Amino acid sequence: MSHKRMPRRKAAMAVGGVAALGAAAFLLPHASASQDAGQDGRTPGGTGTARTLRATDAPGLDARLRKLLGDAFAGSYYDSGRQRLVVNVVSGDDDVVGQAEQAGAVVRRVANSAAELRAATRTLKTRAAVPGTSWAVDPRTDKVLVTADSTVTGAAWDRLRSAVRRLGPGMATLKKSAGTFKTFASGGDAIFSRSQGGGVRCSLGFNVTAADGRPAFLTAGHCGVAAEKWSDTQTGEPTATVDRAVFPGEGDFSLVTYDDPGTRAPSEVDTGDGRTVPVTRAAEATVGQAVFRMGSTTGLHDGRVTGLDATVNFRSETDPGGVDTVTGLIQTDVCAEPGDSGGPLFTQDGGALGLTSGGSGDCTGGGETFFQPVTTALRATGATLGGAGAGDQAGAGEQSGSGSGSDAGSGSEVGAGVGGDPAGGGGDLSSAPSDGSRAGTADDGSPALTGTR
């Protein structure tokens, strides 16, 4: 997947992985603001006035407050409308709570501790691992949000509802999703593999350097499990090989090494129309944060992070009636459609957040989409963000990355997912219409990307 083998128009996909989940979107602050904070900057149960901060600064403040508050810390989220970090606390030392307010957070007293909410998710894993379900802690409601897709009916629905009720009042919320949870593969500026089951197509996420110095890239784990050899063209010879793939279990990521040790690729995400976003670092996601996902199916789409450490129970493709449970994912309201597996979730200022895993819904009716955190994948593989041979490597916390790929062609979808058909013949999805484009400003006041909502 070296540039010397790729036409100029194809090189853009290598740049940070034009996601497999295609869709059109934009990074703007159009999402509705949180209603927790009052007009004076205070929140119910809070006593201080918080300072405004950029979304990129929220994870740092969150980390400081976790240490400061200890067991009193019960989660946090970024209020993008007022540009403030809201931190939940259970009963704790008033002096420590005061320090949290002085640090710049909006402090909100809540009933459920972080330990209690984590215990609730463990209970759900034991009693309610039903195909087509997911759950994640929602710090905005101080509850566990449990979602069931359209395939969860009858006895399965009764089992899930009973498990939620047994958690006790005020501990969890149960909702229905109109779509079905599925992993997303096939797509646009893609990577291809020929396997015994037919053609497989996914998207490159971010270029990395493997622990041994080889050039490599990250993509979805269910792609790496489906096929070992990958190419940047549909009919070309393999140019990359899977080194490690995790799916299901504690993540959905693959490390794929380039066969050509001289492979070079730019550290950026191609957002279409000749625009790129330089990838400057691997970053942690924050609930409430504005994020973007680039995909070849429908273009650029934006949304917000709605949950962290999410668990998704995909319907197993290899064991009829079985469950492929994946933990530790980022949950968002960014729309997605088949064709995005492995593609990048990122911030407007170049933070690499995640790799597209799966979800429900589409870019017409909306839905939930889940992403593998990039930071977890890097720690697990020992890789560093940024393409080997692409210039100076950025250090930890200030890493850069990119990748390479090709134009989309016809191919099979990998991981039909919850309630879906097994992998088989699939075609390209048409691109979204160009009308309805809009522009705005990002959370930090910088010009926003534009696209179709």
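Provided above is the structure to which this section pertains.
Remember, predicted model here, so these are calculated numbers, not experimental data.

Draft legend 1. Examining the sheet that holds strand β11 (residues 215-219) more closely. Taken in spatial order, the 6 strands line up as β12-β13-β14-β11-β10-β24 in an open sheet, and their pairing is antiparallel. Among the strands making up the open sheet, the edge pair consists of β12 (229-230) and β24 (384-385). Here β12 pairs with strand β13 (residues 240-246) via 2 bridges, running antiparallel. Within β13, the position partnered with Lys229 by the bridge is Thr241.

Draft legend 2. Broad picture of the pairing of strand β10 (residues 206-209). Covered by surrounding structure in β10 are Phe206 and Val208 together with Asn207 and Thr209, the residues of both alternating faces. Pairing between β10 and β11: 4 bridges, direction antiparallel. Note that in β11 the partner of Thr209 across the bridge is Pro215. Bridge count between β10 and β24: 2 bridges; the pairing is antiparallel. Looking across to β24, one finds that Thr209 is bridged to Thr384.

Draft legend 3. Highlighting the state of the cysteines. Applying the stated criterion across every chain yields a total of 2 disulfides. The residue that forms a disulfide with Cys202 is Cys223, at a sulfur-sulfur distance of 2.0 Å. Where Cys202 bonds to Cys223 through sulfur, the torsion about that S-S bond is close to -95°, and the disulfide is left-handed. Linking Cys202 in strand β9 (residues 198-202) with Cys223 in helix α6 (residues 221-226), this pair joins segments that are 21 residues apart in sequence. Cys335 shares a disulfide with Cys363; S-S distance 2.1 Å. Where Cys335 bonds to Cys363 through sulfur, the torsion about that S-S bond is close to 90°, and the disulfide is right-handed. Separated by 28 residues along the polypeptide, Cys335 in the loop between β20 (323-332) and β21 (344-346) and Cys363 in the loop between β22 (351-359) and β23 (369-373) bring together distant segments of the chain. Residues Cys335 and Cys363 agree in their burial class; the two are buried. Going through the chain in sequence order and numbering each bonded cysteine, the pairs you get are 1-2, 3-4.

Draft legend 4. Fine view of the packing of helix α2 (residues 58-69) against helix α3 (residues 94-102). Closest axis-to-axis distance for the α2/α3 pair is 10 Å, and the angle between their directions is 170°. In this view, α2 runs roughly antiparallel relative to α3, as classed from their interaxial angle. Here α2 contributes Leu65, Leu68 and Leu69 to the contact with α3, which in turn contributes Val96, Val97, Gln99 and Ala100. By residue class, the composition of the contact of α2 with α3 is 6 nonpolar, 1 polar and no charged.

Draft legend 5. Looking closely at the packing of aromatic side chains. Enumeration over the complete set of coordinates arrives at 4 aromatic pairs. Between Phe247 and Phe314, the aromatic rings sit 6.3 Å apart at their centres with planes inclined by 45°, giving tilted as the arrangement. Remark: Phe314 occurs in strand β19 (residues 299-315) and Phe247 occurs in the loop between β13 and β14 (253-258); sequence separation between them is 67 residues. A relative accessible area of 17% means that Phe247 is categorised as buried. Taking the relative accessible area as the measure of exposure, Phe314 reaches 1% and is therefore buried.

Draft legend 6. Expanded view of the pattern of salt bridges. Scanning the model with the defined rule gives 11 salt bridges in all. Across the pair Asp243 and Arg214 runs a salt bridge, and its minimum N-O distance is 3.0 Å. Of this pair, Asp243 sits in strand β13 while Arg214 sits in the loop between β10 and β11, and the two are 29 residues apart along the sequence. One salt-bridge network, held together by shared partners, links Asp212, Arg214 and Asp243.

Draft legend 7. Molecular detail of the sheet that holds strand β1 (residues 73-79). Strand order across the open sheet formed by 3 strands is β1-β2-β3, with mixed pairing between neighbours. Unpaired on one side and paired on the other, β1 and β3 (106-109) mark the two borders of the sheet. For this sheet, the mean inter-axis angle between neighbouring strands, taken without regard to orientation, is 25°. Two elements, β1 and strand β2 (residues 84-89), share 5 bridges in a ladder whose sense is antiparallel. Paired with Tyr78 across the bridge in β2 is Leu85.

Draft legend 8. The environment of Ala119, seen in detail. Structurally, Ala119 is set in helix α4 (residues 114-127). The exposure class of Ala119 is partly exposed, given its relative accessible area of 27%.

Draft legend 9. Structural context of α3. Looking at α3, one finds that the buried residues are Val97, Gly98, Ala100 and Glu101. One side of α3 carries all its buried residues, which in axial view fall inside an arc of 155°. Turned more than 90 degrees off the buried face of α3, the exposed positions are Asp95 and Gln102. The elements touched by buried residues of α3 are α2 and β3. Positive backbone phi, at 115°, marks Gly104, one or two positions downstream of α3.

Cut-off values and rules
Residues numbered from 1 in each chain as written. Predicted model: local features only at pLDDT ≥ 70, side-chain atom pairs only at ≥ 80, totals over all residues. Heavy atoms only, no water. Pairing = 2+ DSSP bridges. Helix = DSSP H or I, 4+ residues; strand = E, 2+ residues; numbered from the N terminus. Buried < 20%, exposed > 50% of the residue type's maximum accessible area, 1.4 Å probe, protein only. Disulfide = S-S within 2.5 Å. Axes fitted to C-alpha atoms, helices over the stretch in contact; angles between N-to-C directions. Parallel < 35°, antiparallel > 145°, perpendicular 65-115°, else oblique. Contact = heavy atoms within 4.5 Å. Nonpolar A, V, L, I, M, F, W, Y, C, P; charged D, E, K, R; others polar. Phe/Tyr/Trp six-rings, centres within 6.5 Å; stacked < 30°, edge-to-face > 60°. Salt bridge = Lys/Arg side-chain N within 4 Å of Asp/Glu carboxyl O. Arc of directions from axis to C-beta.

Coordinates in, geometry out; function isn't part of it.
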